[in-house]
Amino acid sequence: MSSTPENQSPRVVVVGAGIVGCSLADELTARGWTDVTVLEQGPLPAPGGSTSHAPGLVFQTSPSRTLAEFAKYTVEKFGSLEVDGVSCFNQVGGLELATTPERLTDLHRKAGYAASWGIRGEVVTAARCKELWPLIDESVVLGGFHTPDDGLARALLAARAQMERATERGARFLDRHTVTGIEKENGRVTGVVTDQGTFPADHVVSAAGFWGPVIGRMAGVDVPLQPLAHQYAKTKPLRELEEATTEASKPILRFQDRDLYFREHTDRIGIGSYAHKPLPVDPYAVLPYDEARAQDMDMPSSYPFTEEDWAPSWHDCRWLLPALRETEIEEGFNGVFSFTPDGMPVLGESRTLRGFWLAEAVWVTHSAGVARAVAEWMVDGRPSLDLHECDLTRFEEAQRSPSYVRERGSQQFVEVYDVLHPLQPMEQPRPLRVSPFYARQQQLGAYFLEGGGWERPHWYEANAPLADALELPERDAWSARFWSPVAAAEAKATRERVALYDMTPLRRLEVTGPGALDFLHRMTTNNLRKKPGAVTYTLLLDEKGGIRSDLTVARLAPDRFQVGANSPADLDWLLRHAPGDVHTKDITSGTCCIGVWGPLARDLVQPLTRDDFSHEAFGYFRAKETYIGHVPVTAMRLSYVGELGWELYTTADLGLRLWDTLWEAGQEHGVIAAGRSAFNSLRLEKGYRAWGTDMTDEHNPYEAGVGFAVRRDKVFVGREALETQDITRKLTPLLLDDPAAVVLGKEPVYVDGAPAGYVTSASYGYTLGRCIAYAWLPVLATGAAVHIEYFGEKVPATVAEEPLFDPKMTRIRR
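What you see is a predicted model, and the numbers here were worked out from it, not measured in a lab.

The rules behind each value
- Residues numbered from 1 in each chain as written.
- Predicted model: local features only at pLDDT ≥ 70, side-chain atom pairs only at ≥ 80, totals over all residues.
- Heavy atoms only, no water.
- Core = buried A, V, L, I, M, F, W, Y, C linked by side-chain atoms within 4.5 Å.
- Buried < 20%, exposed > 50% of the residue type's maximum accessible area, 1.4 Å probe, protein only.
- Helix = DSSP H or I, 4+ residues; strand = E, 2+ residues; numbered from the N terminus.
- Contact = heavy atoms within 4.5 Å.
- Phe/Tyr/Trp six-rings, centres within 6.5 Å; stacked < 30°, edge-to-face > 60°.
- Lys NZ or Arg CZ within 6 Å of the ring centre and 35° of its normal.
- Salt bridge = Lys/Arg side-chain N within 4 Å of Asp/Glu carboxyl O.

Visitor: Explain the nonpolar core to me, please; I cannot follow it from the model alone.
Guide: Residues Leu 28, Phe 70, Phe 78, Phe 173 and Leu 347 are the most contacted members of the largest nonpolar core, which totals 51 residues. Sorting the residues of this core by element identifies strand E1 (12-15), helix H1 (19-30), strand E2 (36-39), helix H3 (65-79), helix H6 (155-169), strand E23 (356-360) and helix H10 (367-380) as the ones contributing at least two each. Counting residues per element, this core draws most heavily on H10, which supplies nine residues. Ignoring any residue separated from it by four or fewer positions in sequence, one finds Leu 28 in contact with Val 12, Trp 33, Val 36, Ala 375, Met 378 and Val 379. Grouped together as the second largest cluster of nonpolar side chains are 46 residues, Trp 478, Met 503, Ala 554 and Ile 672 included.

Take a look at the structure:
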């Protein structure tokens, strides 16, 4: 929030008058922040960035609910805007084609996303595709996914309409102003320097598109964004379209099996291709508008068309649309736009330079939705939509190198239209981050997936013989990917004997100082005023009572705490609020952790230490600094799998010795190493939530089922907001009725035949013999019948009572 007096609008300078900058000015002024100046280096209303050449296709459906919500609002808003009687959105619908069985199957999955996020769409036959797009060769099409509310955004018109509205409210738009510097004082932004003068500011928003890294460097703020060039071409007039009188009447068309999309331009066809090799662009080498024009470029974002890259795509176009065999390409260009390492926008305020905001790597599809969210964030202190996937803090330090951003950004371009499994890891650069146990894990045949740059074992082939005797339901091809029956064997061994889990990627913060207790007690929901040795599960809420994160806080000394956190945003949040006598740092990289869990965990660990690890001497949710063999450890009596055990922390240099000590001592107890696949199954059997998947800041503790971690008799951030919130939905445990059925997450859930919510986490519960799915649903009674749509099939499920396994907690507390 701004420090400006309440009766005075904060001074906001937005860098960039593309679709994002114009949308943001409109959203800010609509909320009463009218002292808004938008600076643009090119000429208005078409300044030459990505907006100026964007073909405007808006497909709302995405695996990301956040992106889908952005797109839905963009469609709604642009559909309400007009310029000179012309709508800013042409709702011709969308059509995605399948020419392979794999793609057709994926379109059923995509239809599930649409139902989950409240978007109209259906899988249709090849004949229906031909009706919608008569120019296609029906014989090569297997089916399609039709979304009637998608369409074409007229980006320049939408920018102009919002510019005019914002101007009427007091905003000003200044073109031909090139930003040359960002002024700052005492950690706050104070102004923007241009070649036409300096503009004082309380807030500066970089909405500069592919120039974002350039503006970010001026402010000393990293912007992990890679511009790439993307081919777009228009045909000569087609005989089949010679009677066309409107810009477009047919649905926007995707031919993702060949990385192509199509739209009409009256009697011509526009074609975009992602099939060519990535063409990275250096944002520091992009020419200013006038220099680009002087070199016969239409605009800075429009590079010369590379026909050698186009040739294979042109062959594929003619294969799908026979009418193109009688025409040629009339014009084309390589248009520059932005990609991040994970394909998501970069949004939020810098902590190191307060008042400096990013609204970068945003496509036209999501522009109005992003602008609304950022405006809410600036004016109200928080967005109404969960933005953790877009938060500028989300990348680890190792994911911010120029090499990483370039490589992963380029791969995001390659994968734009690929069929990607939700567990599918990136291929390069790997390995990037490894735990001290990595060599031992390789020896045990670990199958690694990746998260946050970490190599994370999902199962170990050394345990394959344990799976031979198990009778498991056969899986469909999709759910069998990145899965192994070995996971079931590892879950069984954890329930019956003991297993070692590598928990090193779990984020660890150290909070110290004389004010540490008061600070953490005020920032979180549970009671932390306990003696050293106590461990507490607690929540970080925002001012509206939304769950920013869940934490485990161990008080190791009167003024020293170890905090188990989730994302870099947790550290950022605490650092923003910490007083001067509190020091908070991330200790994850210098430490490591092994979870020792199972009914024989005490038999394994006790002989290795002189300290008493009995239940009476070392109770549940307690911590102790001790030794395991030669290794100093911080032992915490916690369990995320529902079994007796400890998390053992030590420094990274001693990690391998700790693993070897536990492994050798565990041989007589049948110890195994177990991976994340078994872990996820076991945690869902106990109903343990995963922040970011099961709950976010859109949810309050009571509807998320973690109200037990809230102490209403103390003062904490978000407490007042909880007083006025009702529960109309709940994170609901479901058991699939068919023991052979599985779902994976994000599927729509139907109540009384209508979509009512969506799955968050799902995994087969090997102990229970049923697949478990948690879903956000209206409040339903235990035993209520629902259906989950999995690839077009309605799978029956039943609302269950949690926890599903060991409700009396006898296995943990023994």
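Visitor: Help me out: how do you make sense of the packing of aromatic side chains in this one?
Guide: Both the distance between ring centres and the angle between the ring planes are used here to describe each pair of aromatic rings. Summed over the entire model, instances satisfying the criterion amount to 32 aromatic pairs. Taken together, a centroid distance of 5.7 Å and an interplanar angle of 70° make the contact between Phe 339 and Phe 413 edge-to-face. Placement of Phe 339 in strand E21 (residues 329-339) and of Phe 413 in helix H11 (residues 402-414) is noted, with a sequence separation of 74 residues between them. Judged by relative accessible area, Phe 413 falls into the buried class, the value being 0%. Look at Tyr 501 and Trp 597: their rings are 5.5 Å apart centre to centre, the planes differ by 45°, and that puts the pair in the tilted class. With Tyr 501 in strand E26 (residues 499-502) and Trp 597 in strand E32 (residues 591-597), this residue pair connects regions lying 96 residues apart in the sequence. Under the relative-accessibility criterion, Trp 597 is labelled buried at 0%. Among the aromatic residues, those joined into a cluster by ring pairs are Tyr 232, Tyr 261, Tyr 274, Phe 333, Phe 337, Phe 339, Trp 363, Phe 413 and Tyr 417. If you follow Arg 495 out to its NZ or CZ, it ends over the ring of Phe 805, 3.9 Å from the centre. The residue whose ring lies beneath Arg 729 is Trp 776, and the NZ or CZ to ring-centre distance is 5.2 Å.

Visitor: Can you help me understand the pattern of salt bridges in this one?
Guide: Where charged atoms from two side chains of opposite charge approach closely, those side chains can pair. For the structure on display, the rule yields 53 salt bridges. Glu 96 is paired through a salt bridge with Lys 110; the nearest N and O atoms lie 2.8 Å apart. Of this pair, Glu 96 sits in strand E7 (residues 94-98) while Lys 110 sits in helix H4 (residues 101-117), placing them 14 residues apart in sequence. Classification of Glu 96 as buried rests on a relative accessible area of 2%. Glu 685 is the salt-bridge partner of Arg 495, the closest N and O atoms lying 2.7 Å from each other. A residue pair is termed long-range when its members are at least 10 positions apart, and Arg 495 in helix H14 (residues 486-496) and Glu 685 in helix H19 (residues 676-686) qualify at 190 residues. Taken as a pair, Arg 495 and Glu 685 share a single burial class, namely buried. Taken together, the shared-partner salt bridges in this structure form one network comprising Asp 26, Glu 27, Arg 31, Lys 77, Arg 165, Arg 169 and Glu 376.

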